[in-house]
Every structure is written in structure tokens, then in C-alpha cells.
Amino acid sequence: MKKPQLATNLSENLEKLNVNREKASKLFADVIEKAVKKSKPDTPTVLETDLDNQLANHPASLKIAVLGGGSFGTAMANLSSKNGCEVTLWVRDKRSVKAMQKTHINKKYLPDHKLDERLQFTHDLQAAVKGKDLIFVALPSAAFRETLQKIAPFISGQAIVSLTKGMEKDTFALMSDVIADELPNVAFGVMSGPNLAKEIMNNMPSATVIASQSAALRLAVQTALHSAFFRVFASDDLIGVELGGALKNIYAIAMGMAAAYDIGENTKAMILTRALAEMSRFGVQAGANPLTFLGLSGVGDLYATCSSTLSRNYQIGNMLGRGMSLDQAIKKLGQTAEGINTIQQVNEKAMKEGIYMPITHALHDIIYEDKAPLGVALNLMEAGFRSDVEFVMPHQVQPTHN
């Protein structure tokens with residue numbers, strides 16, 4: 001395969017930006033220090049105002065398209081626009097675009113937040129992607145491949161970054177696989193982490209991981225998104241980072257379902273740690289570095305998604321645990337919960353390859369085979385003996401304990 005190349009203008013922009021990298025770091029530190037000294041309980045926006053003023057004098061100058069007007073896509077478009085990038089947010093619905101152009105508010109997903117005035121909106125896919133440096137794709141996995149096929153004629157060296165945490169239905173393809181299939185000669189990366197959009201929009205300190213084989217692309221994404229409230233870490237483990245973002249949705253559903261039964265803190269901790277064990281086992285089988293699952297895209301995203309009622313997958317699980325059917329829960333949520341599809345995909349793959357994933361299998365039994373949740377949970381607790389961390393002490397088969 002031909003080695004991916006970034007567009008020339010992106011490389012030139014990055015060279016210019018790198019010259020001022022140390023100055024920019026000092027700038028952020030000075031702004032934070034100044035804000036801490038000046039801020040009072042009744043003036044919570046001092047830091048944001050100071051930072052906006054500083055960034056206005058040091059624009060990032062990258063041209064960016066964000067495809068997908070959901071909560072996370074909108075939050076990333078807003079963040080990069082505030083950082084001084086030239087950003088266009090593409091939304092499929094023409095009426096929604098007109099409303100956002102008029103009000104600069106995403107009424108469906110982020111109704112309580114005014115978006116950056118420099119952020120542009122369009123429903124024209126060609127206009128959105130043509131001539132851009134970076135294209136962030138923040139679409140449901142079901143629409144990912146089709147959208148890439150549509151933009152393919154307009155790609156002339158742009159780099160693609162997936163923000164989608166899921167797998168393609170019936171193929172087990174990760175979004176990086178889909179990019180490689182449809183746009184084989186472009187540089188690409190994936191972004192994942194504990195990134196609840198409403199918290200990011202509220203300037204609560206957060207972080208994410210950009211994974212790519214291209215150092216220039218990683219730097220470009222860090223330049224576009226890094227701020228005093230949002231830190232962007234780098235990784236070259238594409239498989240591990242992407243699997244972490246996809247697999248954790250399974251366990252958010254499990255945790256939401258368990259919460260409906262008013263479980264205790266011990267049970268929550270057990271679910272989280274056994275979920276991490278399953279994620280690591282599955283990841284290693286796929287070629288990921290197990291240590292990646294100890295980072296933001298693994299345990300970080302797992303904790304956030306399993307602990308927050310803002311998580312769509314947690315909400316779906318909670319509704320299922322309270323007796324709703326899957327169709328009723330999806331209809332009430334009104335958004336895509338990637339974990340539902342992921343359970344099917346991972347359950348099939350794990351069964352086929354002999355990967356031990358009891359929580360995933362249990363959820364599949366409950367959701368798709370209509371088994372009683374309490375009975376399935378009891379069976380899980382009665383399973384055979386295993387080692388705690390298999391990468392520390394290898395698992396040895398023991399007789400089933402009843």
C-alpha cells in the first residue's frame with residue numbers, strides 16, 4: 001500500500017505552527033496562572049475569555065471539516081473554531097443548517113450552548129470537504145462507509161480522522177478499516193477517550209487520544225483541538241485506541257442495566273474491572289497493545305461511559321433494566337447507541353475465535369435471546385475460577401465451581 005501523504009499545505013502549516021510551539025505552551029501556562037489569580041466564584045468565565053483573546057492573536061490556521069452534527073461532532077467543531085481554525089460543520093438536514101446559521105445553536109443536541117461565531121455550517125458535502133486540511137468524521141457507524149464513498153471524488157490529500165466509536169454492522173470492520181478500504185491513499189487516524197460532549201462544552205477539563213501512524217497528523221489534531229480545558233494525547237496504537245472506544249459501549253449498557261437493580265459499589269467495581277479484562281483479551285487477539293487499555297481510550301473512557309447518565313449506552317442499558325423492550329428504549333433515546341450493534345458483532349467474533357467474554361455473551365443472551373437478567377447474572381457469578389489479571393498470571397483451566 002502506498003504510504004499515506006498529507007496535503008502539502010497542511011505540512012507547511014504544521015512547520016509554521018511548530019516554530020511557535022514552545023511559545024504557545026508558555027502562553028497557555030501564563031493564561032491559566034493569570035486566571036487563577038484573578039478568578040472569583042462569581043466570575044467563572046475569566047479563563048475562557050483570556051484564552052479566547054490570546055488565541056485570536058495566534059490562530060491555528062488549519063482548514064477543517066467536521067462531518068456530523070451530533071453532540072460530539074458539534075463540540076469538536078466548536079472547540080477547533082475557538083482555537084482559530086477555519087471550520088465547517090456539515091449536517092445532513094438542510095433545515096437544521098439554516099437554523100444553526102441563524103442562531104449558532106444546535107437545538108437538537110446542545111440546546112443550552114451558543115457556538116463560536118466563526119463556525120460555519122453547510123449541508124453541501126462537496127463544499128464542506130473540498131480544500132480542507134483535516135476531515136473529522138463524527139457519524140454513526142451505519143452511515144460511515146456511505147459518506148466516505150460520497151466524499152471520495154473530492155479528496156485531494158486531506159487527512160481523515162474518525163470520531164466514531166463503533167463497528168460496521170455485519171462486517172466487524174472498525175472505522176479505520178473502512179477508511180483504508182474507501183480512501184486507500186490518504187493519511188488517517190482515530191480519536192477516542194472519555195469525551196462526554198456536554199462536559200466539554202461546559203469547559204470541564206477533559207482529554208482525548210489521537211492515534212495514527214502519521215506523526216504529522218497527530219500533531220495537526222493536537223494543534224486543532226488542544227486547549228486549556230481539553231488536552232490531546234498521542235498514540236500509534238490505532239487498533240487499541242479504536243477498540244477501546246468501541247468495546248466500552250458494551251459495558252456501559254451492562255452498567256446501566258445493573259444500576260436499574262440498585263447494585264452496590266462493590267458490584268460496580270467488579271463490573272468495571274472484569275470489563276477491562278474482556279476488552280484487553282479481545283484487543284490482544286486483534287493485535288493491540290494491552291497497555292493501551294490502561295490509558296484514556298481504555299479505562300478512562302470505560303469509567304466515564306459506565307459512570308455517567310449522559311452516556312447514551314448507559315441510558316439504553318438502564319431502560320432495558322427497567323423492563324423496556326429494545327425498540328422502546330431506542331425510540332425513547334432518539335440517538336444512536338453504538339453499543340447495541342457492537343454487542344452483536346463482538347459476541348459473534350468472540351464465539352468464533354474462542355475469546356472469553358462472559359459479560360458480552362450475557363448481554364447478548366438478555367437482549368437478543370430474551371433471557372432473564374437476574375438468572376444470567378447468577379450464572380456469571382457461578383462461573384469457574386480464573387486468575388485476576390491474565391497478563392500477570394496466566395489463566396489455567398479449572399473445574400467449574402457450582
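About the cut-offs
- Residues numbered from 1 in each chain as written.
- Predicted model: local features only at pLDDT ≥ 70, side-chain atom pairs only at ≥ 80, totals over all residues.
- Heavy atoms only, no water.
- Salt bridge = Lys/Arg side-chain N within 4 Å of Asp/Glu carboxyl O.
- Helix = DSSP H or I, 4+ residues; strand = E, 2+ residues; numbered from the N terminus.
- Buried < 20%, exposed > 50% of the residue type's maximum accessible area, 1.4 Å probe, protein only.
- pLDDT = per-residue confidence, 0-100.
- Contact = heavy atoms within 4.5 Å.
- Phe/Tyr/Trp six-rings, centres within 6.5 Å; stacked < 30°, edge-to-face > 60°.
- Core = buried A, V, L, I, M, F, W, Y, C linked by side-chain atoms within 4.5 Å.
- Pairing = 2+ DSSP bridges.

## Let's talk about the pattern of salt bridges
Scanning the entire structure with this criterion turns up twelve salt bridges. Salt-bridge contacts for Arg274 lead to Asp388; the nearest nitrogen and oxygen are separated by 3.3 Å. On the criterion of sequence distance, the pair formed by Arg274 in helix 12 (residues 265–286) and Asp388 in the segment after helix 18 (373–381) is long-range, its members being 114 residues apart. You can call Asp388 exposed: its relative accessible area is 58%. Connected via shared salt-bridge partners are Arg145, Glu168, Asp181 and Glu182.

## Things to note about the confidence of the model for the chain
With 83% of its residues at a pLDDT of 70 or more, the chain has an overall mean of 85. Within the model, pLDDT remains below 50 along residues 19–59, and this stretch shows 32 contacts once partners closer than five positions in the same chain are excluded.

## A look at the packing of aromatic side chains
Enumeration according to the criterion identifies one aromatic pair in this entry. Where Phe172 meets Phe282, the ring centres are 5.6 Å apart and the plane angle is 65°; that geometry is what we call edge-to-face. Of the two residues, Phe172 is situated in the loop between strand 5 (159–162) and helix 8 (175–182) and Phe282 in helix 12; the sequence distance between them amounts to 110 residues. The buried category is assigned to Phe172, whose relative accessible area is 17%. Looking at Phe282, the relative accessible area reads 2%, which means it is buried.

## Comments concerning the nonpolar core
Core analysis: the largest hydrophobic core is formed by 45 residues, its most contacted members being Leu247 and Tyr251. Broken down by element, this core gets its largest block of residues, eleven residues, from helix 11 (residues 238–259). Not counting residues within four places of it along the chain, the set of residues in contact with Tyr251 comprises Ala275, Glu278, Met279, Leu302, Cys306, Met357, Ile359 and Thr360. By size, the runner-up hydrophobic cluster in this structure holds 37 residues, among which are Val97, Leu115, Val161 and Ile200.

## Considerations on the pairing of strand 8 (residues 230–235)
In this structure, strand 7 (residues 206–212) lies alongside strand 8, joined through six bridges in parallel fashion. The partner of Ile210 across the bridge, within strand 8, is Ala234.

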